[in-house]
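Structural overview for review
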Amino acid sequence: MSNGGGKQQLLTLAITLLSCFLIAVAWRFVAHPIVLIAFGLIPIAIFVVLRIPFLFILLFVIFSFFRIHEVFPQIYNFKIPLLLSLASLGALFWHVCLSGKVTIYWSRELTLMSIFFALAIIGIILASNRPIAIEYFKGIYWKIIIMTFAIAWLSRTEKDFALASRLITFFGMLVGLVALSNQINAIGLVEGTRVTIGRDIGSVLGDPNDLALVLMFPVAFACSFIMTPNIQRLNKLLGLVSVIVLFLAIIATQSRGGLLGMMAILGVFGYRRIESKSLFIGLGIVVSCALFVFAGISDRASGGAAEEGIDASAMGRLYAWEVAFGMAVHNPFSGVGLNNFYSNYYYYSPHWDGLNHAVHSTWFGILAETGFLGLIVFIITIVALLKSALNSLKQIERHLTQVNPAIHAARHKQYLQD
């Protein structure tokens, strides 16, 4: 027997003994046949993860962003986002360090994002409430950092972009359908009319404004399916159905920010397709008024027609932004720290009403939690990403006959989301 063959047999024996030991330990705590089935499926699961790693990192992003495990609480206790993150990171490590199938690259955009992440981490050390900042970093932020780079490195083929477009559109439609179902059945309504999801379990989607923000993301993907030429009919049908569902779901949230976001997305597509800019502006005004009336904004308990002048909802945002600015003035280079806006609201609010409030703005949230320096770096990063997306879109449109339509649609949507 050759030396290589002997080593292979020893390795096989070691793996077999280790598997038997793990099964025995698992059986000691859970004496159920499902243990044997689970261990039997592990090799298949590992093979699938290593074969299509992008699918798992994409599913992690979808579950984390759309909060699918909260939209469908029946699967909440399965810890699916955690399992998907472990599978994604394991596959990335394998292909980068062992198989060599994934090559790590660097770019200006990744440098800018790294600088921003570094500033956020420094802000944790200087945070006014360090335990809150550390807990947020351990629970959420480290995943954002790692997955940002993992997505960039694992998105390698045209099929990856096509898959991302379809799954984001599909899962966005599912969230929209659940929102409409809650509206029909009067489940979790805020102020009696505004739809939410998972309010009883403390989900982020329990706020109608946050729900509208989440629903806006797939709207751009769905619209791109409809507007991009040479897309397959099935994808166009998916886009059309999703646009209708998402439109109605955003309307059901009665979120003014959601309506503005939806108008911005439609405005980008309209501006690129309608040659007469006068017609474009006229249609924009008509559509805006129609959306405002159709959404029933004036019927809202807060921010509706019953309130004169600047309503309480709008004033609350103005006060919160004033607080964010005050935090940045006091801490211009580090801010108050990750996730520290809410806990520091009292100390910086000139209009204290007995309650801390959310910032209701990504931009002012970054300003408060990372200071002026962090906001400047963030804006520079967004500008760089916009330039990159526009440049890619121009190059693709110059060579439409040579480019897969999925790439055209995906780059169009990246431009919209940036």
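Small disclaimer: the values here were computed from a predicted structure and weren't measured.

Some points on the overall build of the chain
- Secondary structure summary: the chain contains 16 helices and 0 strands in total.
- The buried share among the 418 residues of the chain stands at 40%.
- A separation threshold of at least 6 residues defines the contact pool for the chain, and within that pool the share at least 24 residues apart is 67%.

Structural notes on the packing of aromatic side chains
- For the coordinates displayed, the defined rule picks out 22 aromatic pairs.
- With centroids separated by 6.2 Å and ring planes inclined at 65°, the aromatic side chains of Phe117 and Phe149 adopt a geometry described as edge-to-face. Here Phe149 lies in helix H7 (residues 130-154) and Phe117 lies in helix H6 (residues 108-125), a separation of 32 residues in the sequence.
- Accessibility expressed as a relative area gives 8% for Phe117, which makes it buried.
- Put simply, the rings of Trp106, Phe116, Phe117, Tyr136, Phe137, Tyr141, Phe149, Trp153, Trp363 and Phe378 touch in pairs and so form one group of aromatic residues.

A word on unusual backbone geometry
- Residue Glu191 is not a glycine yet carries a positive backbone phi of 60°.
- Checked against the element boundaries, Glu191 lands in the loop between helix H8 (158-184) and helix H9 (208-227).

Topic: the side chain of His95
- Note on placement: His95 falls in helix H5 (residues 80-99).
- Apart from the residues within four sequence positions on either side, His95 is in contact with Leu50, Pro53, Gly100, Lys101 and Val102.

Observations concerning the packing of H8 against H9
- At their nearest, the axes of H8 and H9 sit 9 Å apart, and the two run at 135° to each other. Here H9 runs oblique to H8, going by the angle between their axes. Viewed along their axes, H8 and H9 form a crossing whose handedness is left-handed. Between H8, through Ser165, Arg166, Ile168, Thr169, Gly172, Val175, Gly176 and Ala179, and H9, the contact on the second element is made entirely by Leu211, Leu215, Phe217, Pro218, Phe221, Ala222 and Phe225.
- By residue class, the composition of the contact of H8 with H9 is 10 nonpolar, 4 polar and 1 charged.

Considerations on helix H3 (residues 53-66)
- Its 14 residues give H3 an end-to-end C-alpha distance of 20 Å, which sits within 8% of 20 Å, the value for a rise of 1.5 Å per residue.
- Restricting attention to buried positions, one finds in H3 the residues Pro53, Phe54, Phe56, Ile57, Leu58, Leu59, Phe60, Ile62, Phe63 and Phe66.
- Phi for Arg67, located one or two positions after H3, is positive at around 55°.

A few points about the pattern of salt bridges
- Enumeration over the complete set of coordinates arrives at 3 salt bridges.
- Close ionic contact of Glu109 with Arg108 constitutes a salt bridge, the shortest N to O distance being 3.7 Å.
- The class of Glu109 is buried, set by a relative accessible area of 15%.
- The exposure class of Arg108 is exposed, given its relative accessible area of 52%.
- Between Lys138 and Glu135 there is a salt bridge, with its nearest N and O atoms 4.0 Å apart. Here the residue Lys138 and the residue Glu135 both occupy positions in helix H7, the gap between them amounting to 3 residues, near one helical turn.
- The exposure class of Lys138 is exposed, given its relative accessible area of 52%.

What counts and how
- As a convention, each chain's residues are numbered from 1 in the sequence order in which they are written.
- A pLDDT threshold of at least 70 governs which residues receive local features in this predicted model, and a stricter bar of 80 or more applies before side-chain atom pairs are shown or counted, although totals over entire chains, interfaces and linings include all residues.
- For the side-chain quantities, the full set of heavy atoms in the structure was used; hydrogens and water were omitted.
- Runs of E in the DSSP output that reach at least two residues are strands. Runs of H or I that reach at least four are helices, and both are numbered from the N terminus.
- Partly exposed residues are those whose accessible area sits between 20% and 50% of the maximum for their type, while under 20% is buried and over 50% is exposed, using a 1.4 Å probe and protein chains only.
- Residue contacts follow a heavy-atom distance rule, with two residues in contact if any of their heavy atoms lie within 4.5 Å.
- Any pair of Phe, Tyr and Trp rings, taking the six-membered ring for Trp, is counted once the centres come within 6.5 Å. Such a pair is stacked with planes under 30 degrees apart, edge-to-face with planes over 60 apart, and tilted for the rest.
- Comment: axis = line fitted to C-alpha atoms, over the contacting stretch for helices; angle = value between 0 and 180 degrees taken between N-to-C directions.
- Roughly parallel here means an angle under 35 degrees, roughly antiparallel means over 145, roughly perpendicular means 65 to 115, and every remaining angle is called oblique.
- Throughout, a crossing is termed right-handed when the near helix is turned clockwise from the far one, and left-handed when it is turned anticlockwise from it by less than a right angle.
- Charged means Asp, Glu, Lys or Arg here, nonpolar means Ala, Val, Leu, Ile, Met, Phe, Trp, Tyr, Cys or Pro, and polar covers whatever is left, Gly included.
- The span you would expect from a helix comes to 1.5 Å times its residue count less one.
- Definition used for salt bridges: Asp or Glu carboxyl oxygen within 4 Å of a side-chain nitrogen of Lys or Arg.

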